[in-house]
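Descriptive analysis of the structure
In case you want the letters, here they are:
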Amino acid sequence: MTFSIQNIIPHIQAKIAGIADDFIIENISIDSRSLQNNAGTLFFALKGQNHDGHHYIAELIKKGVRFFVVEKVPENYVDKATFLAVQNTTKALQKTAKYYRNLFHFPIIGITGSNGKTIVKEWLNFLLSPDYSIVRNPKSYNSQVGVPLSIFGTNENHNLGIFEAGISQKNEMRNLENIIHPTIGVFTHLGIAHEEGFSSLEEKIVEKTRLFTSCEVVILPRNEVVEKHIKVPTFTWSLTDEKATVFGSIKTQENQKTVIQIHYQNNSFEVTIPFQDSIAVNNAMTCMATLLYLKIDTPIIQERLQKLYPVEIRLQAKKGINGCVLIDDSYSSDYQSLKIALDFLEQQKLHSKKTIILSDIFQGGLPIDKLYQKVALAIQNNNIDRIIVIGETISKYLSELPNVIAFGATIDFLKQFNTQSFQNETILIKGARSFNFDEIVVLLEEKKHETVLEINLDALTHNLNFYKSKLHSNTKIMVMVKAFGYGNGGFEIAKLLEHNSVDYLGVAFADEGIELRKAGITLPIMVLNPENSSFPAMIAYDLEPEIYSITGLQAFLQLTQQKNITSYPIHIKLDTGMHRLGFEANDMDTLISLLRNNNFVMVKSVFSHLSASDDTHFDDFTQLQFERFHLLSQKIINALDIQPIRHILNTSGIFNYAQEMQLEMVRLGIGLYGMGNSKAERNNLQNVSTLKSVISQIREVEEGESIGYSRKFMVNKSMKVATIPIGYADGIRRAWGNEKGYVVIKNQKASILGNICMDMLMVDVTSISCIAGDEVIIFGENPNITEIATVTETIPYEILTGISQRVKRVFYKN
Ligand SMILES: *Cc1c(COP(=O)(O)O)cnc(C)c1O
């Protein structure tokens, strides 16, 4: 189904400006960084709290985009493009999606609930795709913007839609209902935990069930509180309540399988679900009820349910062999998700060399030659160095492209696989489930250590944007990535920051800066503690020193003179009360005369550091430091007649003193990583790092026995104990042992028993139903690092930077 600019103008009440052409819209975009922006694109310039799509219009015009929906027409470009001016671009995007949705008249399943939306959507897609040609949200694109974008994936060959809707505030669901307009509702799960944005459970239910306003039926787990609010017929399931439309009783549950006897109407049959945990079983029941409602035959339901698989919801970048990075998307293969994965690949930009391994694409909806044309175009736009295609169909359609290596089946690829042919490149692995690309992932993945530190790149971006929102739009930001990005991973985070256009990076030592340069980081980098011996390397790698002493300055001047360098950027550090590094008042004359009499260096910035920006009790002292800074910096500025960047604020400084002290730049550190020094600050931040491990072994221990070294924990009643392969050598402080601390298993606290060992610790799982191999959260949302720091009498900085390098880091984005 195509639509043109003229079609949507009345729906979004746009005033047309600029060239005022009409055209058939082929692609909708909101992201300037996507490589799919081209002449067929209609770009919506969305305005967020910290982001304004209008800033990218010039760049997009250069890339060939000619049609824009804007809130303000950029006068300089009226002769270059067509602009649709609207009051609110987000609303216009939603209205366009609503218009587009109404062009189609097939059933739409609308899914909401507190948890399980994406899994249920992906499973329903898997279970129903033999019978229907389905359009669905890619990944978990379920927000006020994600849903409209998902809707545009629909075309005339689809005959079923499956869309999930996620909300975080009151009144959002009405909007999504309006766009998705589902005919069949699915409610997955009601979380009883408090959710931000809703004042009560009641309010949450009322809001979420708004999605179902015009459904013919709502499928849900039996729950009278929820049902009371649903005004249309319901189709319920339960594992406990025989009154449900579909009642299941669990027969056995072992070896990662659950067998359930199902009773529906006058029929009784058995199903096997290849999972044991209750969350997966519940999601599978929701899917099964939906299939029953759709009158799928029992034997087919039995057969397909057995094949359910774990769903990887988010794209992850993991470490691969030989310095490679893998983006593992080996569970889906439609065009929409390919576009998302290619954008992710581009945004990571971890290596200059990019490889993609791609299977046949299973997607109803488009004629096959048209589909592969689009796939080829998307791949070409992304400048992929090596394209490995696996599958009869894709081999046929893509083998003409340059750089293509084709295989008929996965096994053919595996047979000739050679580890040496993958080196220092980023590899996107994307294939339909039936191609078993997980076997390829296993070969390419660096040997797994069971403990990982997961870093949520979306949360990092969120936190960056929070601090940006405290600043004027032209205030520069230096982000401190010293100590390996506060323990989170130096170059991966530096890449993300480069991508988010921060102005400067700060590291502690020259070596750290050199590593970043070798990894391809081009942002300016300031080195806080340059040793004189590292100056030559710093110049070779374009790193800018902090100069804090006369002798340091003299040594650096000598070197620049020798090398015949002019205007090398340096950063002058002033000591205003921290008494760590920096020039003081009585150094000023010498400093100024040294700087005045040469042109080897250029003072790029002048800065100082606050001792107590986190504690407003010391407000007077902070003000005093600021005054001292002003006095000293002004002296240099006046004497040399220069205009350097001035900066004094760190994370807490931005939070507490942005108004009066932001100057031309700030230096953001711990806040980026999700930790603030006050509760008020933390409330605005998202958790970035989650340290996870797994249970190695579980044992019963009898009364009178003891656990661990020095018999520190005495067992006084027989108990169940789990051993976790992480210890103080990984950075878990011993002070967190002996029942002061805990880990979380299956959402429940498991107290740490006895002394923490070097590589292991033991926890109490007496009342937790768990098995060896289950996931263990050491820290993250809960327990959070701040809590651990308080109990172990240190600060979050020490915990985070203390996580050993032997713990594998995994980066992901939603
Ligand atoms: C580490 C550091 C920062 C960042 O401090 P946070 O409290 O983590 O924001 C800023 N400036 C200097 C000089 C630093 O050493």
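All residue numbers here refer to positions counted from 1 along the written sequence of the relevant chain. In keeping with the predicted nature of the model, local features appear solely for residues at pLDDT of at least 70, side-chain atom pairs appear and are counted solely at 80 or more, and the whole-chain, interface and lining totals rest on all residues. To get the side-chain values, all heavy atoms of the structure are used, and hydrogens and water are removed first.

If you check an unreviewed UniProt entry, the protein chain appears there as Alanine racemase from Flavobacterium profundi. UniProt positions are given in the numbering used here, feature names are shortened, and annotations may be inferred rather than shown by experiment. If you open the UniProt record of the protein chain and go to Pathway (unreviewed entry), you find "Amino-acid biosynthesis; D-alanine biosynthesis; D-alanine from L-alanine: step 1/1."

The helix count covers DSSP runs of H or I at least four residues long, the strand count covers runs of E at least two residues long, and both are numbered beginning at the N terminus. Counting its secondary structure elements, the protein chain contains 27 helices and 39 strands. At 29 Å, the protein chain has a C-alpha radius of gyration in line with the 28 Å of a compact globule built from 814 residues. If you line up the protein chain on its principal axes, its C-alpha atoms span 95 × 85 × 60 Å. Relative to its full complement of 814 residues, the protein chain shows a buried share of 57%. Contacts in the protein chain between residues far apart in sequence, at least 24 positions, make up 65% of those at least 6 positions apart. Carbon and sulfur atoms provide 48% of the accessible area of the protein chain, an area that totals close to 34900 Å². For the radius of gyration, the atom set is restricted to C-alpha positions; the globular benchmark scales as 2.2 Å times the number of residues to the power 0.38. Between buried and exposed lies partly exposed: a residue is buried under 20% and exposed over 50% of the maximum accessible area for its type, with that area taken using a 1.4 Å probe on protein chains only. In this description, contact between two residues means that some pair of their heavy atoms is separated by no more than 4.5 Å. Throughout, the Shrake-Rupley method with a 1.4 Å probe supplies accessible areas, and for residues the shown protein chains are the sole cover considered.

Here the UniProt-annotated "modified residue: N6-(pyridoxal phosphate)lysine" (unreviewed entry) positions come out as K482. Checked against the element boundaries, K482 lands in helix α17 (residues 482–486). We classify K482 as partly exposed; its relative accessible area is 26%.

This paragraph deals with the environment of L591. Here L591 lies in helix α22 (residues 588–596). Classification of L591 by relative accessible area gives buried; the value is 0%. Sequence separation of L591 and M526 is 65 residues, and the distance between their C-alpha atoms is 20 Å. Those residues within four positions of L591 in sequence are excluded, and the remaining contacts are I550, L553, I572, F583 and I636.

Before going further, it helps to spend a moment on the domain arrangement of the protein chain. Residue ranges assigned to the domains are those given by an automatic or database domain assignment. As assigned here, the protein chain comprises domain 1 (5–95), domain 2 (104–305), domain 3 (315–446), domain 4 (454–480 + 499–682) and domain 5 (689–813). Measuring from the centre of the C-alpha atoms in domain 2 to the corresponding centre in domain 5 gives 36 Å.

In this section: the site of the ligand. Each residue is tested against the molecule or strand, and it is near if at least one of its non-hydrogen atoms lies within 4 Å. Taken together, M480, K482, Y486, L528, R580, H609, N650, T651, R667, G669, I670 and Y797 make up the full set of residues near the ligand. Two N or O atoms form a polar contact when they lie within 3.5 Å of each other; inside protein one atom must be a possible hydrogen donor and the other a possible acceptor, and for residues adjacent in sequence the pair counts only when both atoms belong to side chains. The separation between an oxygen atom of the ligand and a polar side-chain atom of N650 is 3.1 Å. Between the ligand and T651, the relevant distance is 2.4 Å, taken from an oxygen atom to a side-chain nitrogen or oxygen of the residue. Burial of the ligand by the protein amounts to 94% of the accessible area it has alone, namely 390 Å². When residues are grouped by polarity, Ala, Val, Leu, Ile, Met, Phe, Trp, Tyr, Cys and Pro land in nonpolar, Asp, Glu, Lys and Arg in charged, and all others, Gly among them, in polar. Counted by class, the shell around the ligand contains five nonpolar, four polar and three charged residues.

In this section: the UniProt feature "active site" (unreviewed entry) in the protein chain. Look at the UniProt record and you will see "active site" (unreviewed entry) annotated at K482 and Y709. Across 228 residues in sequence, these annotated residues place their C-alpha atoms as far as 35.7 Å from one another, rather than forming a single compact spot. Those residues in contact with K482 that lie beyond four places of it in its chain are G506, V507, A508, E512 and L528. Dropping the residues within four chain positions of it, Y709 is found in contact with N755 and C757.

Below, the discussion takes up unusual backbone geometry. The residue after N782, namely P783, is reached through a cis peptide bond having omega -5 degrees. Assignment of secondary structure puts P783 in the loop between β38 (775–779) and α26 (785–791). The backbone phi angle of N436 is positive, close to 50 degrees, even though this residue is not glycine. Note on placement: N436 falls in the loop between β20 (426–430) and α15 (438–444).

Okay, helix α16 (residues 457–468) next. Multiplying 1.5 Å by the helix residue count minus one yields the expected span of that helix. Helix length check: α16 (12 residues) gives 16 Å between terminal C-alpha atoms against 16 Å at 1.5 Å per residue, within 8%. Counting buried residues in α16 gives nine out of 12 residues, a clear majority hidden from the surface. Of all the positions in α16, only L457, A459, L460, T461, N463, L464, N465, F466 and Y467 are classed as buried. If you check the start of α16, you find a side-chain oxygen 2.9 Å away from the backbone N of D458, and it comes from N456.

Salt bridges are counted wherever a side-chain nitrogen of Lys or Arg sits within 4 Å of a carboxyl oxygen of Asp or Glu. The tally for this structure, following the rule as stated, stands at 29 salt bridges. Between R304 and D131 there is a salt bridge, with its nearest N and O atoms 2.8 Å apart. Separated by 173 residues along the polypeptide, R304 in helix α10 (residues 298–305) and D131 in the loop between α4 (117–128) and β7 (134–136) bring together distant segments of the chain. On the basis of relative accessible area, R304 is assigned to the buried category, the value being 13%. Classification of D131 by relative accessible area gives partly exposed; the value is 38%. Connected through salt bridges with shared partners, the residues K121, E122, R136 and E164 form a single ionic network.

As a further point, take the sheet that holds strand β3 (residues 41–44). Reading across the sheet, the five strands line up as β1-β5-β4-β3-β2 and stay open at both edges, with mixed pairing between neighbours. Two strands bound the open sheet, and with one partner strand each, they are β1 (15–18) and β2 (27–29). Direction aside, neighbouring strands of the sheet carry axes that sit 25 degrees apart on average. With axes taken as lines fitted to C-alpha atoms, and helix axes fitted only over the stretch in contact, angles between N-to-C directions fall between 0 and 180 degrees. Here helix α1 (residues 5–12) sits on the sheet and contacts β1, β3, β4 (67–70) and β5 (82–85); the angle it forms with β5, its principal contact strand, is near 20 degrees. Strands qualify as paired when DSSP identifies two bridges or more between them.

Right, let's get into helix α11 (residues 335–348). Compared with an ideal rise of 1.5 Å per residue, which puts 14 residues at 20 Å, α11 spans 20 Å between its outermost C-alpha atoms and is within 8% of the ideal. With 14 of 14 residues buried, α11 lies mostly within the body of the structure.

Our next topic: the sheet that holds strand β9 (residues 184–187). Strand order in the open sheet formed by nine strands is β7-β8-β6-β9-β10-β11-β12-β13-β14, with mixed pairing between adjacent strands. On the outer flanks of this sheet lie β7 and β14 (267–273), each paired with one strand and no other. Strand-to-strand twist of the sheet, defined as the mean angle between neighbouring strand axes without regard to direction, takes the value 20 degrees. Bridging between β7 and strand β8 (residues 160–164) involves three bridges; their strand directions are parallel. Each bridged residue has a counterpart across the sheet, and for I134 the counterpart in β8 is L160.

Among the secondary structure elements, N27 is positioned in strand β2. Using a relative accessible area of 11% as the deciding quantity, one classes N27 as buried. In terms of polar contacts, N27 uses its side chain to reach the side chain of T41, at 3.0 Å. Among residues more than four places away in sequence, those in contact with N27 are Q36, G40, T41, L42 and K339.

All right, on to the environment of T522 then. Along the polypeptide, T522 turns up in the loop between α19 (510–518) and β24 (525–527). Given the relative accessible area of 64%, T522 is considered exposed. Each C-alpha atom of the pair T522 and V147 lies 36 Å from the other, and the pair is 375 residues apart in sequence. Once residues lying within four places of it in the same chain are set aside, the contact partners of T522 are E498 and R517.

With that settled, the discussion passes to the environment of P130. Tracing the backbone through its elements, the reader meets P130 in the loop between α4 and β7. On the basis of relative accessibility, which here comes to 53%, the residue P130 falls in the exposed class. In this structure, the C-alpha to C-alpha distance between P130 and K740, residues 610 residues apart in sequence, is 53 Å.

Further remarks concern the packing of aromatic side chains. Any Phe, Tyr or Trp ring, taking Trp's six-membered ring, that has another such ring centre within 6.5 Å forms a pair; planes under 30 degrees apart are called stacked, those over 60 apart edge-to-face, and the others tilted. As enumerated under the stated definition, the model contains 26 aromatic pairs in all. Ring geometry for F68 against F83: centres 5.5 Å apart, planes inclined by 20 degrees, an arrangement best described as stacked. Taken as a pair, F68 in strand β4 and F83 in strand β5 lie far apart in primary sequence, 15 residues in all. Judged by relative accessible area, which is 0%, F83 ranks as buried. Ring centres 6.3 Å apart and planes at 40 degrees place the aromatic pair F466 and F655 in the tilted group. With a gap of 189 residues between them, F466 in helix α16 and F655 in helix α24 (residues 651–661) connect regions that are remote in the sequence. By relative accessible area, which is 18% here, F655 ends up buried. Here the aromatic residues F3, Y99, Y100, F104, F106 and F152 are joined through ring pairs into a cluster of three or more.

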